[in-house]
Amino acid sequence: MAGKRLHHFLLGKVQGDLGNKPVPRDMKTALQGLFPEELQSLCKEIGQPAFRGRQLWQWLQVRHADGWDLMGNLPQALKQALSATCTPGPARLLKESGDPGGARKWLIGLDDGESIETVLIPARERNTVCVSTQVGCRMGCAFCASAKGGYARNLSEGEIVAQVQAVAAVLGRRPDNVVYMGMGEPFDNYDAVLKSVRILNHPDGLNIGARRITLSTSGVIPGIRRLAEEGLQVELSVSLHAANPELRRRLMPVENKYPMDALLDACADYTARTKRHITFEYTLIRGVNDARENAEQLAGRLRRFPCRVNLIPLSPVEEFEGAAPSRSAMEGFLRVLEKRGVEGTLRDSKGQHVDAACGQLRRRAHHT
Ligand code: SAH
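Remember, predicted model here, so these are calculated numbers, not experimental data. (Residues numbered from 1 in each chain as written. Predicted model: local features only at pLDDT ≥ 70, side-chain atom pairs only at ≥ 80, totals over all residues. Heavy atoms only, no water.)

A. The arrangement of the overall build of the protein chain in detail. A tally of helices and strands in the protein chain yields 15 helices and 14 strands. Relative to its 368 residues, the protein chain shows a buried fraction of 58%. Surface accessibility of the protein chain: about 15,600 Å² in total, with carbon and sulfur atoms responsible for 49%. (Helix = DSSP H or I, 4+ residues; strand = E, 2+ residues; numbered from the N terminus. Buried < 20%, exposed > 50% of the residue type's maximum accessible area, 1.4 Å probe, protein only. Areas by Shrake-Rupley, 256 points an atom, 1.4 Å probe, with all protein chains shown as cover.)

Structural data, given as structure tokens:
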């Protein structure tokens, strides 16, 4: 399998050729993925009054409950009837690992035995949760551990929301920001991702402001075009990582399917349509994409629409030989961008994206 995956990469193919996999039909419905009205209908279907649906929502979305036994005011008959097909605990915290930068990562167990990871990044008074959207990833970016662990399936909207709720339960309050930068490609699982956004944003639930929710894509154009029509104020990040198609193809096989020129056109349309800027993620890899010419080229391509660039030093990954540039080289790169009129920020190695991005905890769990 590893050989086959490598083969795919060398051919520059997205693992999408292997097919997008839905949530298995025999899995219980994750209750965190239902709107209040849907919970009410569910209760009515089993002969319970609709207001029980409201109570359920309250437990799940406001009080972060993940077990039937916590829901004291619900009748046993209701819990029993629902538990045949639904679960209030679709995402269980299995193992925590901290890092010196203060991020807390959890390996999360799903009902079918698969695992993902979720990260909490505390920064000043703001807590940011980084969620996964798929078990593994099909995109096959050269430097990203998520794809190396293999792709198993999409997450349901409930499994996505439940990650945030699990962290909220640990914190004892709602997180401030949610970034879709964990394992997986959000726009390869568009419907579940968008529904999870609407639930997190729901005024009667966690009520996380749309502007505090960031969707990050490797450049899946149809997703960008659909998002532009949603009328949501969410933040959009696009992972670029290279300033020309040739280099991008080496790092990101998705370039073959959604070429950079078409991608940047879609981004320009998005900013025009939504009046919102885009953040471009650019992981700096020493000797690969960190030269002055790269910065000049990048600025040249991005100057035409409102955006900013987030420079991220490469976080070491087992299967990828590469290193982050020196701090001064990264600062130099940033200065070139800024001199050419493109705004940028430089994350330190403790920055949120690095801690969140790489799927390394799941990899380790698979190896032990
Ligand atoms: N699939 C989505 C979201 C997940 S990754 C996307 O590609 O945007 C979140 C960010 O972390 C992406 O920009 C990704 O390219 C980056 N990333 C992945 N592995 C990394 C690594 N080893 N070092 C630094 N950034 C990495």
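More follows now that the structure is in view.
B. Up close: unusual backbone geometry. The phi angle at Asn207 is positive, at roughly 55°, despite the residue not being glycine. Within the secondary structure, Asn207 is located in the loop between helix H7 (190-200) and strand S10 (213-217).

C. Highlighting the state of the cysteines. Under the counting rule described, the total for this entry stands at 0 disulfides. The thiol of Cys144 is not disulfide-bonded; the next cysteine sulfur, from Cys141, is found 6.0 Å away. Overall, Cys144 belongs to the buried group, its relative accessible area being 19%. (Disulfide = S-S within 2.5 Å.)

D. Examining the environment of Pro88 more closely. Mapping Pro88 onto the fold places it in the loop between strand S2 (86-87) and strand S3 (91-98). The buried category is assigned to Pro88, whose relative accessible area is 4%. Taking the C-alpha atoms as reference points, Pro88 and Lys28, 60 residues apart in sequence, are found 9.5 Å from one another.

E. Quick look at the environment of Gln297. Relative to the elements of secondary structure, Gln297 occurs in helix H12 (residues 292-302). Its relative accessible area of 35% is what places Gln297 among the partly exposed residues. Setting aside residues up to four positions removed in sequence, Gln297 forms contacts with Ala243 and Asn244. Among the polar contacts listed, one links the side chain of Gln297 to the side chain of Asn244, at a separation of 3.0 Å. (Contact = heavy atoms within 4.5 Å. Polar contact = N/O pair within 3.5 Å; in protein donor to acceptor, adjacent residues only side chain to side chain.)

Functional significance is not addressed by these values, which are geometric in nature.
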